[in-house]
Amino acid sequence: MMPAALHRLARWLRVLVPGSVFYLFVCSVQFLLWPTQQDVARIYDFSVLMGFEFILNPLGLMLFAFSRWWLGKVGVLLFFSGFILAFQMMLIDASTMTYLVAGLLLSHFVIVRPVSEEEGQRVLGIYAGRIMLYFFALMFCAMASSLLPPFGLDQPYLDAVDYDGLKKHGGLMLDQPHISMWIGVLYFGGISVAY
């Protein structure tokens, strides 16, 4: 039985999490269409975040399954702490991304309480849908990368803000940040519509 305070917190998080996901959708659209000089570190950090989604989706599914036992809850807490540390080490401007990361992680890890078998099946279905949506968005954007317009994240903008000098790591999503923003538009937009 969940204490009343935790039950109230869980109900509050059901309102907060969809808002956080929608905010991430808005950020991906804003960064794609109207980036500013001040946004360059956040654009890189958002691209890192989209890469970490590759890990977060299956991880969220595993953590939900393991969180039904006390030992699993301790493991979830330890792994979650290590994950946060690793993610923060890759970011450039971690202070501005803290709320984005918190919203995203809440959307993955909010369900760590005992649930009925029926609710458990529903949650597993939600995770499976998110995983499929992410991989669809990732594969579509990777295969169509030469066709997707960069809008505001074109090469003159990236050169003007010295994006290549700012990057800590490389890869398709970090070297071409408009791909990450397109993935964010499709993925977070799809989740926002589903909520």
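Structural data are supplied above this passage.
Residues numbered from 1 in each chain as written. Predicted model: local features only at pLDDT ≥ 70, side-chain atom pairs only at ≥ 80, totals over all residues. Heavy atoms only, no water.

K.L.:
Is there a simple way to think about the nonpolar core in this case?
P.N.:
Taken as a class, soluble globular proteins show a tendency for nonpolar side chains to be buried jointly. Counting 40 residues, the largest nonpolar core has Phe46, Met50 and Ile183 as the members making the most contacts within it. Sorting the residues of this core by element identifies helix 1 (4-33), helix 2 (40-66), helix 3 (70-90), helix 5 (117-143), helix 6 (155-160), helix 8 (172-175) and helix 9 (177-194) as the ones contributing at least two each. Ranked by residues supplied to this core, first place goes to helix 2 with 11 residues. Not counting the four nearest positions on each side in its chain, Met50 is found in contact with Tyr134, Met173, Ser180, Ile183, Gly184, Tyr187 and Phe188. (Core = buried A, V, L, I, M, F, W, Y, C linked by side-chain atoms within 4.5 Å. Buried < 20%, exposed > 50% of the residue type's maximum accessible area, 1.4 Å probe, protein only. Helix = DSSP H or I, 4+ residues; strand = E, 2+ residues; numbered from the N terminus. Contact = heavy atoms within 4.5 Å.)

K.L.:
Whenever I open this one, the packing of helix 2 against helix 5 confuses me. Can you help?
P.N.:
Helix-helix packing is characterised by the crossing angle of the two axes and by the distance between the axes. Where helix 2 meets helix 5, the closest approach of the two axes is 10 Å, and the angle between their N-to-C directions is 160°. Between helix 2 and helix 5, the angle falls in the class roughly antiparallel. When the axes of helix 2 and helix 5 are compared, the crossing they make is left-handed. Of the residues in helix 5, those in contact with Met50, Gly51, Glu53, Phe54, Asn57, Pro58, Gly60, Leu61 and Phe64 of helix 2 are Gly120, Val123, Leu124, Tyr127, Arg130, Ile131, Tyr134, Phe135 and Leu138. The residue inventory of the contact of helix 2 with helix 5, partitioned by class, reads 12 nonpolar, four polar and two charged. (Axes fitted to C-alpha atoms, helices over the stretch in contact; angles between N-to-C directions. Parallel < 35°, antiparallel > 145°, perpendicular 65-115°, else oblique. Left-handed = near helix turned anticlockwise from the far one by under 90°. Nonpolar A, V, L, I, M, F, W, Y, C, P; charged D, E, K, R; others polar.)

K.L.:
I keep staring at unusual backbone geometry and nothing clicks. Help me out?
P.N.:
Phi is mostly negative for residues that are not glycine, and the peptide bonds are mostly trans. In this model, Phe151 sits at a positive phi of 50°, which is unusual for a non-glycine residue. Classification of Phe151 by relative accessible area gives partly exposed; the value is 43%. With phi around 55°, Asp162 is a residue other than glycine that occupies positive phi space. Within the element layout of this structure, Asp162 appears in the loop between helix 6 and helix 7 (163-166). According to the relative accessible area criterion, Asp162 is partly exposed, its value standing at 47%.

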